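Below are the chains, spelled out letter by letter.
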Amino acid sequence: MKKIFSLNFVNKEQLLLDKYVKSKKIPLITKKDKGMREADIKKLINSGNDLDAKAILDIVSPTGDFDVFISHYHENEDVALKIAATLRTQGFKPFVDSQYWLHFDAIADQLNELHLHKDKENGSDLYDHSKTKMIQKHCDVLLLSALSQVMSKCKYLIFISPPEKMLGIQCYSNYKTKKPKTYSPWIYWELIFAELLVKDRENLTEGLKHSTFDSIPKISYPLSTKEMKKISMTDIINNKWHEK
């Protein structure tokens, strides 16, 4: 990875992007073969055989030829898709995970169904939580593995910081401090891993350890944006962002 960028925008800049995409009639990236792959993963899980992590990854997160990794919060997905569409017209191959991969939490839900049973007294659904927690850890590691493979091939990363007035922003991020934070473990990991790739790609070893996260509320992580080059929505539209 050569460069990482932080895109901080306000609502009026989002309107600028919306207008640009609409005026140029730029098509958005659409979800790839979702129904077919969902059926394949369900068949694999219900086969009764031991599950092969590589087989799961091949279905859930097929690799492709990408050069720009777009890191974003779920609430910013629409912006990410429009930026990706704009970059494609400029000759880049952007990656937005929601449009190429199945959701790893959905895979965890399917696996958890294998550990569901009925309570004998009231008939309610019960899960074996010791097993469901292990499933979530497996899915988290699979996601980290897939992310690292894609990111290691990309030349650029663009991190989209949501505008302050976005609904729910205070629930997971705080940018107006000397030490910005995020409550998203995935954003934290993506930016830290991108920094490692930029600083010394060759020093990444096969034994790189990936942290896994249980669903514990309100865990904050330092938001690593200090070394990122700042770009604007205008830079994106005018194809000047990668020259910064």
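Residues numbered from 1 in each chain as written. Predicted model: local features only at pLDDT ≥ 70, side-chain atom pairs only at ≥ 80, totals over all residues. Heavy atoms only, no water.

If you look the chain up in an unreviewed UniProt entry, it shows as Toll/interleukin-1 receptor domain-containing protein from Candidatus Onthovivens merdipullorum.

Draft legend 1. Examining helix α6 (residues 104–112) more closely. Turning to α6, its buried residues are Phe104, Ile107, Ala108, Leu111 and Asn112. Angularly, the buried residues of α6 cover 140° about the axis, an arc narrow enough to put them on a single face. (Buried < 20%, exposed > 50% of the residue type's maximum accessible area, 1.4 Å probe, protein only. Helix = DSSP H or I, 4+ residues; strand = E, 2+ residues; numbered from the N terminus. Arc of directions from axis to C-beta.)

Draft legend 2. Representation of the confidence of the model for the chain. On average, residues of the chain score 80 in pLDDT, and 81% of them reach the 70 mark or higher. Taken element by element, the chain is modelled with least confidence in helix α8 (residues 169–172), mean pLDDT 46, and with most confidence in strand β2 (residues 68–71), mean pLDDT 96. Low confidence marks residues 167–172, where pLDDT is under 50. Its contacts with residues over four positions away, or in another chain, come to 18 contacts. Predicted confidence is poor over residues 204–217, with pLDDT under 50, and the contacts of this stretch with residues over four places away or in other chains come to 14 contacts. (pLDDT = per-residue confidence, 0-100. Contact = heavy atoms within 4.5 Å.)

Draft legend 3. Local environment of the nonpolar core. Membership of the largest hydrophobic core comes to 66 residues, with the highest contact counts inside it found for Ile83, Leu157, Ile158 and Trp241. The element that contributes the greatest number of residues to this core is helix α7 (residues 129–153), accounting for 9 residues. Here Ile158 is in contact with Phe5, Leu7, Val68, Phe69, Ile70, Ser71, Leu87, Ile231, Ile236 and Trp241, once residues within four sequence places are set aside. (Core = buried A, V, L, I, M, F, W, Y, C linked by side-chain atoms within 4.5 Å.)

Draft legend 4. Examining the packing of aromatic side chains more closely. What the rule picks out here adds up to 12 aromatic pairs. Here Phe95 and Tyr100 contribute two aromatic rings whose centre-to-centre distance is 5.8 Å and whose plane-to-plane angle is 15°, an arrangement assigned as stacked. We classify Phe95 as buried; its relative accessible area is 0%. Considering the side-chain rings of Tyr156 and Trp241, the 5.2 Å spacing of their centres and the 80° angle between planes classify their relative orientation as edge-to-face. (Phe/Tyr/Trp six-rings, centres within 6.5 Å; stacked < 30°, edge-to-face > 60°.)

Draft legend 5. Quick peek at the sheet that holds strand β1 (residues 3–8). Across the sheet, 5 strands lie side by side as β3-β2-β6-β1-β10; this open sheet has parallel pairing. Only two strands of the sheet have a single neighbouring strand rather than two, namely β3 (94–95) and β10 (229–231). Relative to strand β6 (residues 156–161), β1 runs parallel, the two being bridged by 6 bridges. Residue pairing for β6: Leu7 is matched across the bridge by Ile160. (Pairing = 2+ DSSP bridges.)

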